[in-house]
Amino acid sequence: MGLRVVGLSVALALAMAPVVGRTETAPLAVPAPASAQALSDALLIGDVMAVLREEGLANATELAADFPSGANPGWKATVEAIYAPEAMRATFDAALAKELAASPAAVEAAVAFFASEGGQKALRLEIEARRALLDPATEAAAKERWAEMDAADTPRAAALHRFAEVNALIESNVMGALNANLAFFRGMAEAGGPLGEMTEEDMLSMVWGSEAEVRASTTDWLMPFLAMAYGPLSDSELEAYIAFSDIPEGRRVNAAVFAAFDALFLDISRRLGRAAGQEMIGQDI
């Protein structure tokens, strides 16, 4: 089972402490440093999780086609619980805080950049594009438009390739998807289903055997997504985005966001695999 793990770029907002009352001897309060929680809030992670939930529920419906009883009420209830937005965000936030605990300078730099109008604009465009691509017809049209841009070697196509390279989007998403697939197989094995007797080596072999296919499908989805999401950005806005992504602070925050999404998808995939394994052998969930 392939789970699309697209951490992509981030948009952050500046978290400021309220100004306290002032007397003749009391100075203004110093703004609190940006925190991982403030970063998560500014990333609009609540909105991101809503889209991931929609994707997950759709994937789970497709997966249920292999079950003897199909997408029965028990399966639907289990999947709803696995993709509970609040729980998903809690997992993401905990992982993000852990990743950035020793990197306050990176958080501050990212907040300063993404609190800008351009940064917020990019984030909202990403969310809108991801939701739009849930529609197969929209996704097909986006792929066609990207193919034309790429074939023509337009300046925007070149910039998007640089954006993907600087942020290591292809490699990070491929590794995230492979790790999520392995977690799914482990969950199925835990359930004692069809993979119950498979060894860890067997599962690793299956996962790595799909690496080329996962890489191709990741690229096939990601580049049209970038073209669609950032289409409304001006050249200068996109170049500023690329420039920030290429500094140490930008790279550090990008890596932390990917790590947090990986933690989330590992948890989701293992639980989903366990539930799928139980369905396949007719157990109650």
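Everything that follows concerns the structure shown earlier in this document.
Note that residues are indexed from 1 along each chain, following the sequence as it is written. Reporting in this predicted model follows two pLDDT cut-offs: at least 70 for local features of residues, and 80 or more for side-chain atom pairs to be given and counted; totals over whole chains, interfaces and linings ignore these cut-offs and use all residues. Processing note: side-chain calculations cover all non-hydrogen atoms of the structure and skip hydrogens and water entirely.

A. Summary view of the overall build of the protein chain. When helices and strands are tallied, the protein chain shows 13 helices and zero strands. With a 1.4 Å probe rolled over the protein chains alone, any residue whose accessible area is under 20% of its type maximum counts as buried; one over 50% counts as exposed, and the rest are partly exposed. Across the 285 residues in the protein chain, those meeting the buried criterion constitute 45%. Every residue pair with non-hydrogen atoms within 4.5 Å of one another is taken to be in contact. Taking the contacts inside the protein chain whose residues are at least 6 apart along the sequence as the reference set, 84% of them involve residues at least 24 apart. Each helix corresponds to a stretch of at least 4 residues labelled H or I by DSSP, and each strand to a stretch of at least 2 residues labelled E; elements are numbered beginning at the N terminus.

B. Broad picture of unusual backbone geometry. In this structure, Leu 44 takes a positive phi of about 55° despite not being glycine. The residue Leu 44 is located in the loop between helix H1 (36-42) and helix H2 (45-63) in this model. Despite not being glycine, Asp 153 shows a phi value in the positive range, around 50°. Relative to the assigned elements, Asp 153 resides in the loop between helix H7 (136-151) and helix H8 (155-166).

C. Fine view of H8. In this model, H8 (12 residues) spans 16 Å end to end at C-alpha, consistent with the 16 Å of a helix rising 1.5 Å per residue. Here H8 has its buried residues at Arg 156, Ala 157, Ala 159, Leu 160, Phe 163, Ala 164 and Val 166. As for H8, its buried residues are in contact with H7, helix H9 (169-191), helix H11 (211-229), helix H12 (235-245) and helix H13 (248-280). Ala 168, located one to two residues past H8, shows a positive phi value of around 50°. To estimate the expected span of a helix, subtract one from its residue number and multiply by 1.5 Å.

D. Geometry of the pattern of salt bridges. Counted as salt bridges are all cases of a side-chain nitrogen of Lys or Arg within 4 Å of a carboxyl oxygen of Asp or Glu. Applying the stated criterion across every chain, the model contains 17 salt bridges. The partner of Arg 274 in a salt bridge is Glu 190, with the nearest N and O atoms 2.7 Å apart. Of this pair, Arg 274 sits in helix H13 while Glu 190 sits in helix H9, and the two are 84 residues apart along the sequence. With a relative accessible area of 31%, Arg 274 lands in the partly exposed category. A single network of salt bridges, built from pairs that share partners, joins Asp 41, Arg 89 and Asp 93.

E. Seen up close, a nonpolar patch on the surface. Residues enter a patch when their relative accessible area is above 30% and they make no salt bridge; the linking distance is 9 Å between like charges and 5 Å between nonpolar side chains (Val, Leu, Ile, Met, Phe, Trp, Tyr). Every accessible area reported is derived by Shrake-Rupley at a probe size of 1.4 Å, with residue values counting cover from the shown protein chains alone. On the surface, Met 175, Leu 204 and Trp 208 cluster together to form a nonpolar patch covering roughly 270 Å² of accessible area. Along the chain, the position of Met 175 falls in helix H9.

F. Molecular detail of the environment of Ala 183. Relative to the helices and strands, Ala 183 resides in helix H9. Residues Ala 183 and Arg 274, 91 residues apart in the sequence, show an inter-C-alpha distance of 9.5 Å. Not counting the four nearest positions on each side in its chain, Ala 183 is found in contact with Leu 266, Ser 269 and Arg 270.

G. Quick look at the packing of aromatic side chains. Put simply, two rings from Phe, Tyr or Trp (the six-membered ring, in Trp's case) pair if the centres are within 6.5 Å, and we call them stacked under 30 degrees between planes, edge-to-face over 60, tilted for the rest. One pass over the full model with this rule turns up nine aromatic pairs. Between Phe 163 and Tyr 230, the ring centres sit 5.2 Å apart and the planes meet at 70°, which makes this aromatic pair edge-to-face. Here Tyr 230 lies in the loop between H11 and H12 and Phe 163 lies in helix H8, a separation of 67 residues in the sequence. For Tyr 230, a relative accessible area of 0% translates into the label buried. Among the aromatic side chains, those forming a connected cluster through ring pairs are Phe 113, Phe 163, Tyr 230, Tyr 241 and Phe 244.

H. Local environment of the nonpolar core. As used in this record, nonpolar core signifies buried Ala, Val, Leu, Ile, Met, Phe, Trp, Tyr and Cys residues forming a set joined through side-chain atoms within 4.5 Å. The biggest cluster of nonpolar side chains holds 80 residues, and the ones touching the most others in it are Trp 75, Leu 96, Leu 226, Tyr 230 and Phe 261. Top contributing element to this core by residue count: H13, with 12 residues.

I. Spatial organisation of H13. For H13, with 33 residues, the first-to-last C-alpha span of 47 Å sits near the 48 Å given by 1.5 Å per residue. Once H13 finishes, Gly 282 follows within two positions and takes phi at roughly 75°, a positive value.

J. Structural context of the environment of Tyr 230. Along the chain, Tyr 230 and Glu 126 lie 104 residues apart, while their C-alpha atoms are 7.5 Å from each other. Here a polar contact means two N or O atoms within 3.5 Å. Within protein one must be a hydrogen donor candidate and the other an acceptor candidate, and residues neighboring in sequence count only if both atoms are side-chain atoms. A distance of 2.5 Å separates the side chain of Tyr 230 from the side chain of Glu 126, its partner in a polar contact.

K. View of the side chain of Asp 93. Mapping Asp 93 onto the fold places it in helix H4 (residues 85-100). Sequence-distant contacts of Asp 93, defined by excluding residues within four places in its chain, comprise Gln 37 and Ser 40.

L. Representation of the packing of H8 against H12 within the structure. Axes, fitted as lines to C-alpha atoms, cover a helix only where it is in contact. Angles between the N-to-C directions of the axes lie from 0 to 180 degrees. Direction vectors running N to C along H8 and H12 enclose 20°, while the axes themselves pass 9 Å from each other. It follows from the interaxial angle that H8 and H12 lie roughly parallel. The way H8 lies across H12 gives a crossing that is left-handed. Seen from H8, the contacting residues are Arg 156, Ala 159, Leu 160, Arg 162, Phe 163 and Val 166; seen from H12, they are Asp 235, Leu 238, Glu 239, Tyr 241, Ile 242 and Ser 245. Residues of the contact of H8 with H12, tallied by class, amount to seven nonpolar, one polar and four charged. Should an angle lie under 35 degrees it is considered roughly parallel, over 145 roughly antiparallel, and from 65 to 115 roughly perpendicular; all remaining angles are considered oblique. Handedness of a crossing is defined here by the sense of rotation of the near helix relative to the far one, left-handed for an anticlockwise turn of less than a right angle and right-handed for a clockwise turn. All amino acids are sorted into three groups, where Ala, Val, Leu, Ile, Met, Phe, Trp, Tyr, Cys and Pro are nonpolar, Asp, Glu, Lys and Arg are charged, and the leftover types, Gly among them, are polar.

Structural measurements only, silent on function.
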